Amino acid sequence: MSFKDLLVTVDGDSDDQSPLALAAWLAGRFQAHLVGLHPSSTAKASLYSANFGTELFDDAMRETFAVLERRAVDARTGLDTAARRNGIQAEWRVARGFPGPETVLNGRTADLVILGQRWSDYDGLRYPDPADVVLDVGCPVLVVPRAGRFERIERHALVAWNGSREAARAVRDALPLLKRVAKVTVLAVNAGGGGEEPGADIALHLARHGIRVEIDQSTAPDMKVADVLLSHASDRGSDLIVMGAYGHARMRETILGGVTRSMLEQMTVPVLMSH
């Protein structure tokens, strides 16, 4: 089991290079085909210019296309540089539609999609929303924090385990990475009572795949699960968290709060999510 097709969104923003750097490293590690997808929608300019006269509209659109072209050149330069650095070949694609649906469409034939975290001044007409991609793409999504620099995953992976279908899917999707990190910890947070040790079965399953794994449990009913996971990840020097996404309906998580939403907002290390 391996990753052979990777998709990374490439913006060209100098402050948002970690997803590209990590994707190129993964492509080199797995000898995988890497697609760099550059969202380049003209929707914002079209909406903004809708009330202009024809001449002003045409001028606005010409300027918009010039800006988009400059951004695309910067993005492709970044992709080519990352590819050379890691000794790989990368495919370049430009998506003119809305970023989220375009990322989902292109990601349907990928083994893994890599993209950056959404932040406070997020522009939905320039970047895909990780939450939308996780729900719709049909493959695991590796979300990389906006703050910090993340270029490799090789030390320690923290697996968030609650026995759910989503958690099981995430573990299976993450197997290629889990086999290559130095150590894996299965963490059960606020597990219920009973004689069976929470996480034991999935740890045994991973061990059968030749993965070095340990089990840990945490009982912190007054803390958010995402906070517990991030705290344990920090204590262990983790460079990856693996977790299921949206075990409840997304609307319920939006209204009441949920682990997925909290993690997407607060992440401090790359998180592989599956739905």
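Residues numbered from 1 in each chain as written. Predicted model: local features only at pLDDT ≥ 70, side-chain atom pairs only at ≥ 80, totals over all residues. Heavy atoms only, no water.

**Details of the overall build of the protein chain**
- Secondary structure summary: the protein chain contains 10 helices and 10 strands in total.
- Residues counted as buried form 49% of the 275 residues belonging to the protein chain. (Helix = DSSP H or I, 4+ residues; strand = E, 2+ residues; numbered from the N terminus. Buried < 20%, exposed > 50% of the residue type's maximum accessible area, 1.4 Å probe, protein only.)

**Comments concerning helix α8 (residues 225–236)**
- Given a rise of 1.5 Å per residue, 12 residues ought to cover 16 Å, and the 17 Å separating the end C-alpha atoms of α8 matches this to within 8%.
- Buried within α8 are the following residues: Ala226, Val228, Leu229, Leu230, His232 and Ala233.
- Contacts from the buried residues of α8 go to β6 (156–161), β7 (183–189), β8 (213–218), β9 (240–244) and α10 (259–266). (Expected span 1.5 Å × (residues − 1). Contact = heavy atoms within 4.5 Å.)

**Describing the pattern of salt bridges**
- Considering all chains together, one arrives at 13 salt bridges under this definition.
- For Arg165, the salt bridge is made with Glu166, and the minimal N-O distance between the two is 2.9 Å.
- We classify Arg165 as exposed; its relative accessible area is 58%.
- Between Arg169 and Asp173 there is a salt bridge whose closest N-O contact spans 3.1 Å. With Arg169 and Asp173 both in helix α6 (residues 165–178) and four residues apart, this pair spans about one turn of that helix.
- Overall, the relative accessible area of 39% leaves Arg169 in the partly exposed class.
- Classification of Asp173 as buried rests on a relative accessible area of 15%. (Salt bridge = Lys/Arg side-chain N within 4 Å of Asp/Glu carboxyl O.)

**Describing the sheet that holds strand β3 (residues 90–95)**
- Across the sheet, which stays open at both edges, the 10 strands sit in the order β3-β2-β1-β4-β5-β10-β9-β6-β7-β8 with mixed pairing between neighbours. In the strand order of this sheet, the two ends are held by β3 and β8, each with one partner. Across the sheet, the axes of successive neighbouring strands diverge by a mean angle of 25°, strand direction being ignored.
- The sheet strands contacting α10 are β5 (141–144), β9 and β10 (271–274), and the helix crosses β9 at an angle near 155°. (Pairing = 2+ DSSP bridges. Axes fitted to C-alpha atoms, helices over the stretch in contact; angles between N-to-C directions.)

**Let's talk about unusual backbone geometry**
- Residues other than glycine seldom take positive phi values, yet Gln31 does so here, at roughly 50°.
- Within the element layout of this structure, Gln31 appears in the loop between α1 (18–30) and β2 (33–39).
- Taking relative accessible area as the criterion, Gln31 reaches 69% and is therefore assigned exposed.

**Concerning the environment of Gly28**
- Among the secondary structure elements, Gly28 is positioned in helix α1.
- The exposure class assigned to Gly28 is partly exposed, which follows from its relative accessible area of 31%.
- Taking C-alpha positions, Gly28 is 5.7 Å from Asn86, a pair spaced 58 residues apart along the chain.
- Contacts of Gly28, omitting those with residues within four sequence positions, involve Asn86 and Ile88.

**Observations regarding the nonpolar core**
- Judged by nonpolar contacts, the single largest core of 48 residues is most densely connected at Leu6, Leu26, Leu34, Leu142 and Leu178.
- Not counting the four nearest positions on each side in its chain, Leu34 is found in contact with Leu6, Val8, Ala23, Ala24, Ala27, Leu79, Ile88, Gln89, Ala90 and Glu91.
- Counting 35 residues, the second-largest nonpolar core is a separate cluster that includes Leu7, Ile241, Met243 and Met267. (Core = buried A, V, L, I, M, F, W, Y, C linked by side-chain atoms within 4.5 Å.)

**Things to note about helix α7 (residues 200–208)**
- All of the buried residues along α7 are Ile202, Ala203 and Leu206. Seen end-on, α7 carries its buried residues on one side only, within an arc spanning 105°. Residues Asp201 and Arg208 are exposed on α7 and point more than 90 degrees away from its buried face.
- Taken together, the buried residues of α7 touch β6, α6, β7 and β8. (Arc of directions from axis to C-beta.)

Remember, this is a structural readout, not a statement about activity or role.
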